[in-house]
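Fold and contact review
Here's the letter readout for the chains.
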Amino acid sequence: MHYTNLKPFPKDFLWGASTSAYQVEGAWDEDGKGKSVIDMMEHPEGTAGFTVASDHYHHYKEDIKLFHELGLKAYRFSIAWTRILPEGTGTVNEKGLAHYERVIDELLRYGIEPIVTLYHFDLPYALEEKGGWNNRETIDAFVNYARILFEHFGGKVTHWLTINEQNTLILHPGAVGIPKGGSLPSKKELYQQNHHMLVAQGKAMSLCHELCPQAKIGPALNMTSMYQATSKPEDAIAAHNWEVLRGWSFLDLAVHGRYNRLLWSYLEERGWIPAIKEGDLLAIQQGQPDFIAINYYSTATIAESTGDASDVSPRAGDQQIMLGEPGVYRPEENPYVDKTKYGWVIDSVGLRLTLRKVYERYQLPIIITENGIGAPDELTEDGAVHDDYRIDFIQAHLEQIQWALSDGVEVFGYCPWAAMDVVSTHQGYAKRYGFIYVNRGEFDLKDMSRIKKDSFYWYQRVIASNGNEGLSQRT
């Protein structure tokens, strides 16, 4: 649908950017922090780990000052569970609470809205050793952890996210690594973990509404649209299969508190139905998210399954290491989209479509909490980083958000990945996403200085003009 005039971005639009604790903070064992599954993972050889990362833990004042200069209205970040409860449960680490208090206060001092993610992949290793999300006790541990954060920061934080990309954790468990000496869970175990996470999330959202009535809370899932490879009806069925299993099945539970029927049939056929205790579904239903956060990077194109192992193929990208499942769907190439140097599909129009589908299905406000392009940014001799590709990528996606706004979708914020360079989960420091360059190599920490990229100045103009400058497509 075309419009004579596109709707402007809302006056109170939350122009922001994102990071996660384990990818940006460093200081992995300082001030009482316990070990997480990230700290104990088998890390890809030849790539930077997370022990130092971007050293945001020690540079947060300098970094937040730069965020203010960039013009950010919001900063989406995660709190490391192991800084608050080193063992996942038990005695609170006051130094961890004090650190995040200082971070939040510094953000508020500059008028930047803190958007806090409770859990971004970094489960306390002490809980993992007890079964992790397979163990129902982790539900209570998560809710207790959430209670501590709500009680300490509830008067200052008005936007909370529960679990980052739960669908990635369940569908692609190896995407965030495997703890040393560990192995991947079975599919049955994964869908049991999924159920436990949903119960924990529902209880945490209810608790947030109880303890922080002025705050809003929602899930943060990696969402995308699926294209059918041809007009063949079986391709359409396959594309719908994967769109439901990858996305709708998770959000249907989070928003409506009921299992999607196609998902249920899928689990039933394979013997993967989770154990559900009395009161579980009620706890999920009572959670009632106030909004939906989506992480969007790319789309996928899907064809009918052939029914054999040839359906499964590797795909470049942290979110989806493998694509395809015999009897369900197979991936196909899309000749109408581009790809990044790392093989990720670039499809800005797919963001508009995804926003329309999510809003039509759930009728809840949406914030985009991740979207960006990873690239081997280079620091030139004149001390600059010329990342026109990042400007082009984000510009194209912002233009599609404006189209979605004109379609009637309620989008209230955009927090691309990432505010500054962080350690990529698989490609270390070679793959950069930030508006701010951190001067370090894979293993050579250099001086860790912060350098504004060309995209910094461009996004600064976009924010200052509330989207009226820096975007080429106006009608």
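Bear in mind that the values here come from a model prediction, so they are computed numbers and not experimental data.

A closer look at the packing of helix H2 (residues 56–70) against helix H4 (residues 94–109)
- Orientation of H2 relative to H4, taken along the N-to-C sense of each, is 5°, at an axis distance of 10 Å. Taken together, the axis directions place H2 and H4 in an arrangement best described as roughly parallel. Only His99, Arg102, Val103, Glu106 and Leu107 of H4 make contact with H2, whose side of the interface consists of Tyr57, Tyr60, Lys61 and Ile64.
- Residues that form the contact of H2 with H4 fall into these classes: five nonpolar, one polar and three charged.

What about the environment of Ser225?
- Topologically, Ser225 is positioned in the loop between strand S5 (216–222) and strand S6 (226–228).
- We classify Ser225 as buried; its relative accessible area is 1%.
- Sequence separation between Ser225 and His209 is 16 residues, and the spatial gap between their C-alpha atoms is 31 Å.
- Not counting the four nearest positions on each side in its chain, Ser225 is found in contact with Glu243, Thr299, Ala300, Gly350, Leu353, Thr354 and Lys357.
- Within the structure, the side chain of Ser225 is placed 2.9 Å from the side chain of Thr354, a separation counted as a polar contact.

Re unusual backbone geometry
- The omega angle of the peptide bond from Trp417 to Ala418 is 15°, so this bond is cis rather than trans.
- Relative to the assigned elements, Ala418 resides in the loop between strand S15 (411–414) and strand S16 (436–438).
- The phi dihedral of Ala53 falls on the positive side, at around 50°, and the residue is not glycine.
- Note that Ala53 resides in the loop between helix H1 (21–24) and H2.

Calculation rules
- Residues numbered from 1 in each chain as written.
- Predicted model: local features only at pLDDT ≥ 70, side-chain atom pairs only at ≥ 80, totals over all residues.
- Heavy atoms only, no water.
- Axes fitted to C-alpha atoms, helices over the stretch in contact; angles between N-to-C directions.
- Helix = DSSP H or I, 4+ residues; strand = E, 2+ residues; numbered from the N terminus.
- Parallel < 35°, antiparallel > 145°, perpendicular 65-115°, else oblique.
- Contact = heavy atoms within 4.5 Å.
- Nonpolar A, V, L, I, M, F, W, Y, C, P; charged D, E, K, R; others polar.
- Buried < 20%, exposed > 50% of the residue type's maximum accessible area, 1.4 Å probe, protein only.
- Polar contact = N/O pair within 3.5 Å; in protein donor to acceptor, adjacent residues only side chain to side chain.

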